[in-house]
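# A structural walkthrough
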Amino acid sequence: MYTQNLAEPQSSMIIREARPTEAPALTEIAFAAKRYWGYSDAAMAQWTRTLTVSARSIARNPTWVAADATDRSLGFCMVWTDGRAWELEHLWVAPASIRRGIGKALLSTALQFARARGADSLRIDADPNAEGFYLACGARRIGMVAGPIPEDSNRMRPILVIDLGSPNQDAGTNPGLPSSTT
Ligand SMILES: CC(C)(COP(=O)(O)OP(=O)(O)OC[C@H]1O[C@@H](n2cnc3c(N)ncnc32)[C@H](O)[C@@H]1OP(=O)(O)O)[C@@H](O)C(=O)NCCC(=O)NCCS
């Protein structure tokens, strides 16, 4: 289990595997985190399906929770793979816990897991507001895609990749990945 000390008031947390029964709590964090960027209700509505975490998706995909000393969830992440390509499917930190190192710790756990299973890179279809976080964590941008929302028809989303340092790297091609929450 991964543990990390944080600045007060959250003095410590653990990162552990998520349980399928936590799907409603993780869905709540995903919606709250997305809304952190000030999106309109109409924009939020268009992400309802992709922000909703099912018990089945937790059972099928590697998923970790960052929890405080009372096992309260502070954030979570999920990765998806078809056995070849690896994608970050979810990474959300509850608004009250943003910028305390939790996102970095969750991402680091996912990267270690993927690397140990032979992944050479992790692809991320990111919210534009989160790009700086991913760049700070070693990602590089490989493209941009249209991500229009009701309040901004010109909105674009960055496509990022984090290299994991093994041979046979092919980060730019990743067909058939699930739809994005971004
Ligand atoms: C984006 C998110 C996952 C980052 O997690 P976090 O716990 O807030 O970030 P951390 O505290 O671990 O920050 C790690 C590093 O990234 C930097 N960083 C964090 N958020 C950043 C941002 N939005 N822009 C630029 N840099 C950022 C930090 O300064 C820190 O840098 P350092 O390691 O040099 O000190 C979290 O803020 C979040 O859930 N945001 C709202 C929802 C969202 O956009 N999720 C991602 C969807 S793709």
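Anyway, here's the lowdown on the structure attached to this text. (Residues numbered from 1 in each chain as written. Predicted model: local features only at pLDDT ≥ 70, side-chain atom pairs only at ≥ 80, totals over all residues.)

## Section: the overall build of the protein chain
The line we're drawing: By definition, any uninterrupted DSSP run of H or I lasting at least four residues is a helix, any uninterrupted run of E lasting at least two residues is a strand, and each is numbered from the N terminus. Throughout, a residue-residue contact means that the two C-beta atoms, derived from backbone geometry, are no farther apart than 7 Å.
Along the backbone of the protein chain there are 6 helices and 8 strands. A sequence separation of at least 24 residues applies to 63% of the contacts in the protein chain between residues at least 6 apart.

## Here's the deal with the nonpolar core
Selection criterion: Only buried residues count toward a nonpolar core: Ala, Val, Leu, Ile, Met, Phe, Trp, Tyr and Cys, linked into one set through C-beta atoms within 7 Å. Any residue whose C-beta has 12 or fewer other C-beta atoms within 10 Å is treated as exposed, any with 20 or more as buried, and any in between as partly exposed, C-beta atoms being built from the backbone.
Counting residues in each nonpolar core, the largest one holds 43 residues, and the members touching the most others are W64, A66, F76, C77, L106, A110 and L122. Among the elements that make up this core, the one with the highest residue count is helix α5 (residues 102-116) (7 residues). With sequence-adjacent residues up to four places away left out, F76 is seen in contact with A18, L26, I29, T63, W64, V65, A66, H90, W92 and L106.

## Observations regarding the pairing of strand β8 (residues 156-163)
Looking down a regular strand, the side chains alternate between one sheet face and the other. Put simply, the rule reads: At least two bridges found by DSSP between two strands are what make those strands a pair.
For β8, the buried fraction is high: 6 of the 8 residues fall into the buried class. Across 5 bridges, strand β6 (residues 121-125) lies against β8 in antiparallel orientation. Bridge pairing links I124 to L160 in β8. As paired strands, strand β7 (residues 140-146) and β8 are joined by 6 bridges and run antiparallel to one another. Paired with V145 across the two strands is R157, which belongs to β8.

## Let's talk about the site of the ligand
Put simply, the rule is: Each residue gets a C-beta atom placed from its backbone. Should that atom fall within 6 Å of a molecule or strand, the residue is termed near it. Ten residue types, Ala, Val, Leu, Ile, Met, Phe, Trp, Tyr, Cys and Pro, are classed as nonpolar, four, Asp, Glu, Lys and Arg, as charged, and the remainder, Gly among them, as polar.
In the region of the ligand, 21 residues are neighbours, and G103, K104, G132, F133 and A136 sit closest. Contributing elements (two or more residues each) for the shell around the ligand: α1 (23-35), β5 (86-93), α5 and α6 (131-136). For the shell around the ligand, the class distribution of residues is 11 nonpolar, 5 polar and 5 charged.

## Concerning α5
The test is simple: Helix span, expected: 1.5 Å multiplied by one less than the number of residues in the helix.
Taking 1.5 Å per residue, 15 residues should reach 21 Å; α5 reaches 21 Å between its end C-alpha atoms and fits that length. Of the positions making up α5, those classed as buried are I102, G103, A105, L106, L107, T109, A110, L111 and A114. G118 lies just past α5 and shows a positive phi near 95°.

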